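# Descriptive structure summary
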Amino acid sequence: MEFEALLTALLCVLQLSLGIYGFNVDIGSAVVYDGPAKSEYFGYSVALHSHQNKFWVIVGAPLSNVTNALDASDTLTRYGAVYKCQYTGSKTPCKVINIDNRPVNRDLVTLNNVPNVWVDLEEKSGQWLGGTVHSTGTNGKALVQLCASRYIYRGRPPSPDQDLQYRWLLGKCFLISGDLSVTTAHREPCFLESKGNNHYGYCQAGFSAEYTVDGYDVIMGTVGVKRWKGIHFAYVCWLWDGAVAYIVSACTPDQAVGFKSWLRLCS
């Protein structure tokens, strides 16, 4: 009993000395945002965002269905969605941010020696768009990054005389403008790299992602690289010979793997 009393006293002193405090959620005047119909996993990820004196809660719903941008009567299943819920002091409807609402890319190939067979070059159903959301908030350029870490790239079959098509779990992220209206760029750090278990075939880029405080540099976690050893990619923006560009580097926790790309325009 004496030991328990002493331990309790020490914990109390430690709490006071470190300034650890707790806060209650204001349930009396809380603003509650509800996801639209079929917005599966609405609230899985959340970020606060502001731009030009407007304030939003950005909410990921990574298993949502979305409406086909090319055919409003068609539903794209489990693509994932991200919603912007404007804060005005009272409850307002959340609106979807149109990011990836087009059907998968397809191509005509020869498969099993049969010419002109349509194949999907990618898989978006189950890509978990909105599984990761991040905003610089009121700092820097007030930008947003939204990721689909389970996006799958299939590509063309490697041989026309086989029924074989790979499935590379690459992942990707989308950079969104401060007013949440335009996709300014997308980042797929593993797309041009060597595939396979030992390389970059199962990156899952965007499993985690952030901007730096100034809003220029992008950091992305790629947990599946090199048999799930994992690395992170950094898109570092800099000024070179009068042009704004970025360097892409890949690092493990203990060492730099090296520059993966060089001198691309920042956006």
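Placed above this text is the structure.
Keep in mind that what you see is a predicted model, and the values were worked out from it rather than measured. (Residues numbered from 1 in each chain as written. Predicted model: local features only at pLDDT ≥ 70, side-chain atom pairs only at ≥ 80, totals over all residues. Heavy atoms only, no water.)

Below, the discussion takes up the pattern of salt bridges. Pairs can form between side chains of opposite charge once their charged atoms are near each other. Taken as a whole, this structure holds 6 salt bridges when the rule is applied. Salt-bridge contacts for Asp107 lead to Arg156; the nearest nitrogen and oxygen are separated by 2.4 Å. Here the residue Asp107 occupies a position in strand S7 (residues 106-111), and Arg156 occupies one in the loop between strand S12 (152-153) and strand S13 (168-169), the gap between them amounting to 49 residues. Exposure remark for Asp107: the relative accessible area of 25% places this residue in the partly exposed category. For Arg156, a relative accessible area of 51% translates into the label exposed. (Salt bridge = Lys/Arg side-chain N within 4 Å of Asp/Glu carboxyl O. Helix = DSSP H or I, 4+ residues; strand = E, 2+ residues; numbered from the N terminus. Buried < 20%, exposed > 50% of the residue type's maximum accessible area, 1.4 Å probe, protein only.)

Strands in a sheet are paired, the pairing made by backbone hydrogen bonds, and the direction either parallel or antiparallel. Across the sheet, which stays open at both edges, the 4 strands sit in the order S10-S11-S14-S15 with antiparallel pairing between neighbours. Two strands close off the open sheet at either side, each with one partner strand: strand S10 (129-135) and strand S15 (183-187). Across the sheet, the axes of successive neighbouring strands diverge by a mean angle of 20°, strand direction being ignored. Sheet topology note: the strand S14 (residues 172-176)/S15 ladder contains 4 bridges and is antiparallel. (Pairing = 2+ DSSP bridges. Axes fitted to C-alpha atoms, helices over the stretch in contact; angles between N-to-C directions.)

Here we take up the nonpolar core. Inside soluble globular proteins, nonpolar side chains tend to come together where they are buried. Membership of the largest hydrophobic core comes to 19 residues, with the highest contact counts inside it found for Cys190, Tyr200, Val218, Met220, Val225 and Phe233. Secondary-structure elements contributing two or more residues to this core are S14, strand S16 (205-211), strand S17 (218-222) and strand S18 (231-240). Beyond its immediate sequence surroundings of up to four residues, Cys190 is in contact with Leu170, Lys195, Tyr200, Cys203, Thr222, Val225 and Phe233. Ranked by size, the runner-up nonpolar core spans 15 residues in total, among them Ile97, Ile99, Leu129 and Phe174. (Core = buried A, V, L, I, M, F, W, Y, C linked by side-chain atoms within 4.5 Å. Contact = heavy atoms within 4.5 Å.)

When you line up the elements, Ser73 lands in the loop between strand S3 (66-67) and strand S4 (75-76). Judged by relative accessible area, which is 68%, Ser73 ranks as exposed. At a separation of 2.6 Å, a polar atom in the side chain of Ser73 contacts the side chain of Asp71. (Polar contact = N/O pair within 3.5 Å; in protein donor to acceptor, adjacent residues only side chain to side chain.)

Let us look at the side chain of His49. Looking at the secondary structure, you find His49 in strand S1 (residues 45-51). By relative accessible area, His49 is classed as buried at 3%. Only 2.6 Å separates the side chain of His49 from the side chain of Ser135, close enough to count as a polar contact. A distance of 2.7 Å separates a polar atom in the side chain of His49 from the backbone oxygen of Gly178. Those residues in contact with His49 that lie beyond four places of it in its chain are Lys54, Phe55, Trp56, Ile58, Ser135, Gly137, Ala142, Leu143, Val144, Gly178 and Leu180.

This part takes up the sheet that holds S13. The 3 strands lie next to each other as S9-S12-S13, forming an open sheet whose pairing is antiparallel. If you trace the sheet from one side to the other, it starts and ends with strand S9 (122-123) and S13, each paired once. Here 2 bridges tie S9 to S12, and the two strands are oriented antiparallel to one another. Opposite Glu123, over in S12, you have Ile152 as the bridge partner.

This brings us to the state of the cysteines. For the coordinates displayed, the defined rule picks out 3 disulfides. Linked covalently through their sulfurs, Cys85 and Cys94 form a disulfide whose S-S length is 2.1 Å. Looking along the S-S bond of the Cys85-Cys94 disulfide, the torsion reads about 110°, which is the right-handed sense. Neither Cys85 nor Cys94 differs from the other in exposure class; each is buried. Bridging Cys147 to Cys173, the disulfide has an S-S length of 2.0 Å. (Disulfide = S-S within 2.5 Å.)

What follows deals with the packing of aromatic side chains. A complete count under the given rule lists 9 aromatic pairs for this structure. Taking the centre distance of 4.9 Å and the plane angle of 70° together, the rings of Tyr153 and Phe191 count as edge-to-face. Of this pair, Tyr153 sits in strand S12 while Phe191 is found in the loop between S15 and S16, placing the two residues 38 residues apart along the sequence. When the ring of Trp168 is compared with that of Tyr202, the centres are 5.7 Å apart and the planes differ by 70°; the resulting orientation is edge-to-face. Within this pair, whereas Trp168 is found in strand S13, its partner Tyr202 is found in the loop between S15 and S16, the two being separated by 34 residues in sequence. Taking the relative accessible area as the measure of exposure, Tyr202 reaches 21% and is therefore partly exposed. Grouped by ring-pair contacts, the aromatic residues Tyr166, Trp168, Tyr202 and Trp228 constitute a single cluster. (Phe/Tyr/Trp six-rings, centres within 6.5 Å; stacked < 30°, edge-to-face > 60°.)

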